[in-house]
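Each chain is listed here by its residues.
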Amino acid sequence: MTEIEKYIRPNILALQPYSSARDEFKGTAEIFLDANENPWGTYNRYPDPYQQKLKQKISTLKKVDHINIFIGNGSDEAIDLVFRIFCEPGRDKVLVFTPTYGVYEVMANINQVEVIKVPLNKKFQVDRGKTSRFLKDKNLKIVFICSPNNPTGNLLRKNDIDFILKNFKGIVVVDEAYIDFSAATSYINAIEKYQNLVVLQTFSKAWGLAGVRVGMAFSNSTIISYFNQVKLPYNVSMPNQEMVLNSLKQSGVYRKKIAQILAEKKLLITALKKMQLVETIFPSDANFVLVKMKNANEVYQQLTQRGIIVRNRSREVSNCLRITIGTKKENQRLINTLKKLSDEKKSIVY
Ligand SMILES: *Cc1c(COP(=O)(O)O)cnc(C)c1O
């Protein structure tokens, strides 16, 4: 048993692999009468349970072996799987740095796992002093690190991520949902160096395929084999796999979209800086900005009434709205509306 397998729940370690009809057959054949499928149609066959064609493409793109790749129904599936693989309900704990992506806590609650919340410091970076003592907790199984972080938008310092990877023996999940918008190097390169590392990426943000629901996890082959064992057999549908394969053929479009979003982000930030009702614009390495308003709830309400929905994160970060970068037209509508609100501010208390 490898060092990291000691962190796997005993019932998961003991699982006998379920073998689907398509699993057992390895060669090439012309007639399939093994899976009770309908013989007619386009999507009449079950999809490849291990998404081999897609993994091959991702393998080339990310320069990582296919045995180090898990593909899920969104990266949210991978988050759910790490809970189910590593955390004993009612006993184990995970650690998150707040404010962060809400799904970690939602999944923890569903799986009856306690969440230790360590606040990020004023610059939204990890406070090592506050973190260290928790890393020694025997029941702590997973540390979630979101970088660039949602909703703050900033990358977390590499030194701090390395510190956690070295000083915590359990699983460290580095969620890189927004990495393609940043200049940072992915932690995928470190999955062999750190046997406890799981890196998450997704097709939902930079690739523009949120509706398709395809995400990725990268880790050593031992951890990936447990992902494969615990996941639903046909977790990514055939049309969804095809949609991603089609997008991967057009990587020029992907790069252009990212460049456009980053250019628009710059313009939006410039416009926001001039506004009375804006207090602070936090540095962003993602496709959104966290903006501190003089009165976020009021601005949120006013925007909503005018048909513009942003994310109100005031409860997590005082007076803050998280604004996703849209098209030029959408951003301009937002800017114009905010300007109007600024002008009307006599009638509204900011
Ligand atoms: C959007 C997002 C994801 C992506 O989830 P999918 O299930 O792949 O759509 C993952 N992590 C964070 C922090 C996100 O903001």
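Before reading further, recall that the structure is shown in the block above.
Residues numbered from 1 in each chain as written. Predicted model: local features only at pLDDT ≥ 70, side-chain atom pairs only at ≥ 80, totals over all residues. Heavy atoms only, no water.

**Student:** An account of the site of the ligand is needed here, citing residue identities and associated values.
**Tutor:** Around the ligand, the surrounding shell holds 13 residues, and the nearest of these are Tyr178, Thr202, Ser204, Lys205 and Arg213. Ser75 has a polar backbone atom sitting 2.7 Å from an oxygen atom of the ligand. Within the contact set of the ligand, an oxygen atom lies 2.6 Å away from a side-chain nitrogen or oxygen of Ser204. Coverage of the ligand by the protein amounts to 94% of the 390 Å² it exposes when considered alone. Among the residues making up the shell around the ligand, the classes are represented as 4 nonpolar, 5 polar and 4 charged. (Near = heavy atom within 4 Å. Polar contact = N/O pair within 3.5 Å; in protein donor to acceptor, adjacent residues only side chain to side chain. Areas by Shrake-Rupley, 256 points an atom, 1.4 Å probe, with all protein chains shown as cover. Nonpolar A, V, L, I, M, F, W, Y, C, P; charged D, E, K, R; others polar.)

**Student:** Just give me the short version of the pairing of strand S2 (residues 93-98), but keep the residues and values in it.
**Tutor:** Among the 6 residues in S2, 5 count as buried, and that is most of the element. Judged from the 6 bridges that link them, S2 and strand S3 (residues 114-119) form a sheet pairing that is parallel. Bridging across to S3, Leu95 finds its partner in Ile116. Handedness of the crossover joining S2 and S3 through helix H5 (residues 103-110): right-handed. As paired strands, S2 and strand S4 (residues 140-146) are joined by 4 bridges and run parallel to one another. Note on S4: the bridge partner recorded for Leu95 is Val143. (Buried < 20%, exposed > 50% of the residue type's maximum accessible area, 1.4 Å probe, protein only. Helix = DSSP H or I, 4+ residues; strand = E, 2+ residues; numbered from the N terminus. Pairing = 2+ DSSP bridges. Right-handed = clockwise from strand over helix to strand, strands pointing away.)

**Student:** I'd like a rundown of the sheet that holds S2, residues and numbers included.
**Tutor:** For sheets, the rule is that strands pair by backbone hydrogen bonds, running either parallel or antiparallel. With mixed pairing, 7 strands are arranged side by side in an open sheet as S1-S7-S6-S5-S4-S2-S3. Taken across any chain shown, the strands that pair with only one partner, and hence form the sheet edges, are strand S1 (69-72) and S3. Each neighbouring strand pair of the sheet contributes to a mean axis angle of 20°, computed without reference to strand direction. Each of S1, strand S6 (197-202) and strand S7 (215-218) is contacted by helix H3 (residues 52-62), which is oriented at about 125° to S1, the strand it contacts most. In the packing of helix H8 (residues 221-230) onto the sheet, contacts are made with S1, strand S5 (171-175), S6 and S7, and the angle to S1 comes to roughly 30°. (Axes fitted to C-alpha atoms, helices over the stretch in contact; angles between N-to-C directions. Contact = heavy atoms within 4.5 Å.)

**Student:** I'd like a description of the environment of Ser204, backed by residues and values.
**Tutor:** Along the chain, Ser204 turns up in the loop between S6 and S7. Excluding residues that lie within four positions of it along the chain, Ser204 makes contacts with Leu209, Ala210, Arg213 and Val214. There is a polar contact of 3.5 Å between the side chain of Ser204 and the side chain of Arg213.

**Student:** Just give me the short version of the pattern of salt bridges, but keep the residues and values in it.
**Tutor:** Applying the stated rule across the entire model yields 15 salt bridges. Note that Arg84 is salt-bridged to Asp80, the shortest N-O span being 3.2 Å. Taken together, the residues Arg84 and Asp80, both in helix H4 (residues 75-86) and 4 residues apart, mark about one turn of the helix. A relative accessible area of 31% means that Arg84 is categorised as partly exposed. Its salt-bridge partner being Arg306, residue Glu344 comes within 3.5 Å of it at the nearest N-O pair. With a gap of 38 residues between them, Glu344 in the segment after helix H12 (328-343) and Arg306 in the loop between helix H11 (296-305) and strand S10 (311-312) connect regions that are remote in the sequence. For Glu344, a relative accessible area of 32% puts it in the partly exposed group. One network of salt bridges, in which partners are shared, links Arg91, Asp92 and Lys141. (Salt bridge = Lys/Arg side-chain N within 4 Å of Asp/Glu carboxyl O.)

**Student:** Account for the packing of helix H6 (residues 128-135) against helix H7 (residues 158-167), with residues named and values stated.
**Tutor:** Between H6 and H7, the shortest axis-to-axis distance is 11 Å and the interhelical angle comes to 15°. Relative to H7, the element H6 lies roughly parallel. Every pair of crossing elements has a handedness; the one defined by H6 and H7 is right-handed. For the pair H6 and H7, the contacting residues are Arg128, Ser132 and Leu135 in the first and Asn159, Asp160, Phe163 and Asn167 in the second. Grouping the constituent residues of the contact of H6 with H7 by class yields 2 nonpolar, 3 polar and 2 charged. (Parallel < 35°, antiparallel > 145°, perpendicular 65-115°, else oblique. Left-handed = near helix turned anticlockwise from the far one by under 90°.)

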